[in-house]
Amino acid sequence: MTVPRFDELIHSPTRLAIVALLAASEWADFSYIRDTVELSDSALSKQLTTLEQAGYAEIRKGFIGKRPRTSARLTAQGRAAFEQHVAALQQIVVRSGATILPAG
Amino acid sequence: MSDEVSPAEAAQALADIQLRQQQVIDLAMIPAWYWWAVGALMVVLAIGVDSHSPVVIGLTVSVFVLGILAATGWVVGRAFRHAQIRNGLIDGRGVVAILGFVALIVAGTIGLAFWLRAAGAGHPATLACVAGGLVMGAGGPVLMRRLRAIMLGNRTGAAL
């Protein structure tokens, strides 16, 4: 049972989109996150650094051949915080008596 | 802070979360052409088996191996360049669906080939693989839809 806990760091729309992407992934490539969330390289770097400093994300840098490759993943702490944040959002919706149907 | 978030805002945030997770799940779906390609390659391999000619067998095995490597490499490479789906999204139902599909193709194709040979039909392996390939091509997308539904149901926040 996930304890609802609203997380201001995650709730920022841009970070929410990034964390939601990462929540469905084992890891995601930097360019994939950048293109999907429609951010510049620098803006995404800044957001990922914020998440990393909070202990929510892990950033891996490496090379494939000579090409640099950066990927990111949620840490266990980040995944738990995300699940608690989602539970908090659901609680707000449920308390209002409204419902939301999952997309797809 | 949560007191300042209206139910409408929360609902919108949840919808955004679902959408983002769905984007990753959709990326993991293997395209329909892959299943038809594998089905066709099965037929190519079977033509070699039925020919009983070492040269034809060598040629068809080469086409099969290179074709599988190319098609699978494309699918795996695409995932590698983007994102790897979280393992926890596919639960036991997904594993059963995958294993059931593989078992259906393998057992059905081999069983049909032996039955055709016992019945004296010509080119039993080819005929059986045509049937197996058709099931592969038609069934692959069905399997993907089933896995997609399972993964969407296992998204964080899917149930409310």
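The preceding data block contains the structure.
Note that the coordinates shown come from a computational prediction; the quantities given were computed from them, not determined experimentally.

A.B. asks: What exactly am I supposed to notice about the overall build of chain B here?
C.D. replies: In terms of helices and strands, chain B carries five helices and one strand. In chain B, the succession of helices and strands from N to C terminus is α-α-α-β-α-α. Relative to a compact globule of 160 residues, whose C-alpha radius of gyration would be 15 Å, chain B shows 21 Å and is clearly more extended. Considering only C-alpha atoms, chain B reaches an extent of 75 × 30 × 20 Å along its principal axes. Put simply, 73% of the contacts in chain B that link residues at least 6 apart link residues at least 24 apart.

A.B. asks: What am I meant to see in the interface of chain B and chain A here?
C.D. replies: By convention, interface size is frequently given as the accessible area that disappears when the constituent parts associate. Contact residues are listed per partner, giving 33 residues for chain B and 30 residues for chain A. For the side of chain B that touches chain A, the leading source of residues is helix 1 (residues 7-27) of chain B, giving 16 residues. Of the residues that constitute the side of chain B that touches chain A, the class distribution is 18 nonpolar, 10 polar and five charged.

A.B. asks: Would you mind going over the sheet that holds strand 1 (residues 25-29) of chain A with me for this structure?
C.D. replies: Hydrogen bonds between backbone groups are what pair the strands of a sheet, and the pairing can be parallel or antiparallel. A sheet is described by the order of its strands in space; here four strands give the open sequence 2(A)-3(A)-1(A)-1(B), paired in antiparallel fashion. Because the sheet does not close on itself, it has two edges, and the strands there are strand 2 (57-64) of chain A together with strand 1 (83-85) of chain B. Taken over all neighbouring pairs, the strand axes of this sheet differ in orientation by 25° on average, direction set aside. Relative to strand 3 (residues 67-74) of chain A, strand 2 of chain A runs antiparallel, the two being bridged by eight bridges. Across the sheet, the residue bridging to Arg 60 of chain A is Ser 71 of chain A, located in strand 3 of chain A.

A.B. asks: What is the right way to read unusual backbone geometry from this model?
C.D. replies: Most peptide bonds take the trans configuration, and most residues that are not glycine carry a negative phi. One non-glycine residue with positive phi stands out, namely Glu 38 of chain A, at about 60°. In this fold, Glu 38 of chain A is placed in the loop between helix 3 (30-37) and helix 4 (41-53). One non-glycine residue, His 52 of chain B, lies in positive phi territory at about 60°. As for its placement among the helices and strands, His 52 of chain B is situated in the loop between helix 2 (32-51) and helix 3 (54-81). Given 8 C-beta atoms within 10 Å, His 52 of chain B falls into the exposed group.

A.B. asks: Would you mind showing me how to read the packing of helix 2 (residues 13-23) of chain A against helix 1 of chain B here?
C.D. replies: When two helices pack together, their arrangement is given by the angle between the helix axes and by the axis-to-axis distance. Following both chains from N to C, one finds helix 2 of chain A and helix 1 of chain B inclined at 45°, their axes separated by 8 Å at the closest point. In terms of orientation, helix 2 of chain A lies oblique with respect to helix 1 of chain B. Where helix 2 of chain A crosses over helix 1 of chain B, the two elements pack in a sense that is right-handed. Note on element contacts: helix 1 of chain B touches helix 2 of chain A through Ala 13, Asp 16, Ile 17, Arg 20, Gln 21, Gln 23 and Val 24 of chain B, opposite Leu 16, Ala 17, Ala 20, Leu 21 and Ala 23 of chain A. Of the residues contributing to the contact of helix 2 of chain A with helix 1 of chain B, the split by class is eight nonpolar, two polar and two charged.

A.B. asks: I keep staring at the nonpolar core and nothing clicks. Help me out?
C.D. replies: Across soluble globular proteins, nonpolar side chains have a tendency to be buried as a group. Ranked by internal contacts, the top residues of the largest apolar core, which has 40 residues, are Val 19, Leu 21, Leu 22 and Leu 89 of chain A together with Leu 14 of chain B. Contributing elements (two or more residues each) for this core: helix 2, helix 3, helix 4, strand 3 and helix 5 (76-95) of chain A together with helix 1, strand 1 and helix 5 (124-153) of chain B. Take this core: its biggest share by element is eight residues, from helix 2 of chain A. The residues touching Val 19 of chain A, leaving out its near neighbours within four places in the chain, are Ile 10, Leu 74, Gly 78 and Phe 82 of chain A.

A.B. asks: Please clarify how the environment of Gln 23 of chain B should be interpreted in this entry.
C.D. replies: Positionally, Gln 23 of chain B belongs in helix 1. Between the alpha carbons of Gln 23 of chain B and Val 5 of chain B there is a distance of 25 Å; along the sequence they are 18 residues apart. When residues no more than four places from it in sequence are discounted, the contact partners of Gln 23 of chain B are Leu 21 and Thr 36 of chain A.

A.B. asks: Even after reading the chapter, I still don't get the environment of Met 1 of chain A, so can you show me in this structure?
C.D. replies: Residue and element names in this part refer to chain A. The topology assignment puts Met 1 in the segment before helix 1 (8-11). A tally of 3 C-beta atoms within 10 Å means that Met 1 is categorised as exposed. Spatially, the C-alpha atoms of Met 1 and Thr 70 are 34 Å apart, while their sequence positions differ by 69 residues.

Basis of the calculations
- Residues numbered from 1 in each chain as written.
- Chains lettered and ligands numbered in written order.
- Predicted model: local features only at pLDDT ≥ 70, side-chain atom pairs only at ≥ 80, totals over all residues.
- Helix = DSSP H or I, 4+ residues; strand = E, 2+ residues; numbered from the N terminus.
- Rg over C-alpha atoms; globule rule 2.2 N^0.38 Å.
- Contact = placed C-beta atoms within 7 Å.
- Nonpolar A, V, L, I, M, F, W, Y, C, P; charged D, E, K, R; others polar.
- Pairing = 2+ DSSP bridges.
- Axes fitted to C-alpha atoms, helices over the stretch in contact; angles between N-to-C directions.
- Buried ≥ 20, exposed ≤ 12 C-beta atoms within 10 Å, placed from the backbone.
- Parallel < 35°, antiparallel > 145°, perpendicular 65-115°, else oblique.
- Left-handed = near helix turned anticlockwise from the far one by under 90°.
- Core = buried A, V, L, I, M, F, W, Y, C linked by C-beta atoms within 7 Å.

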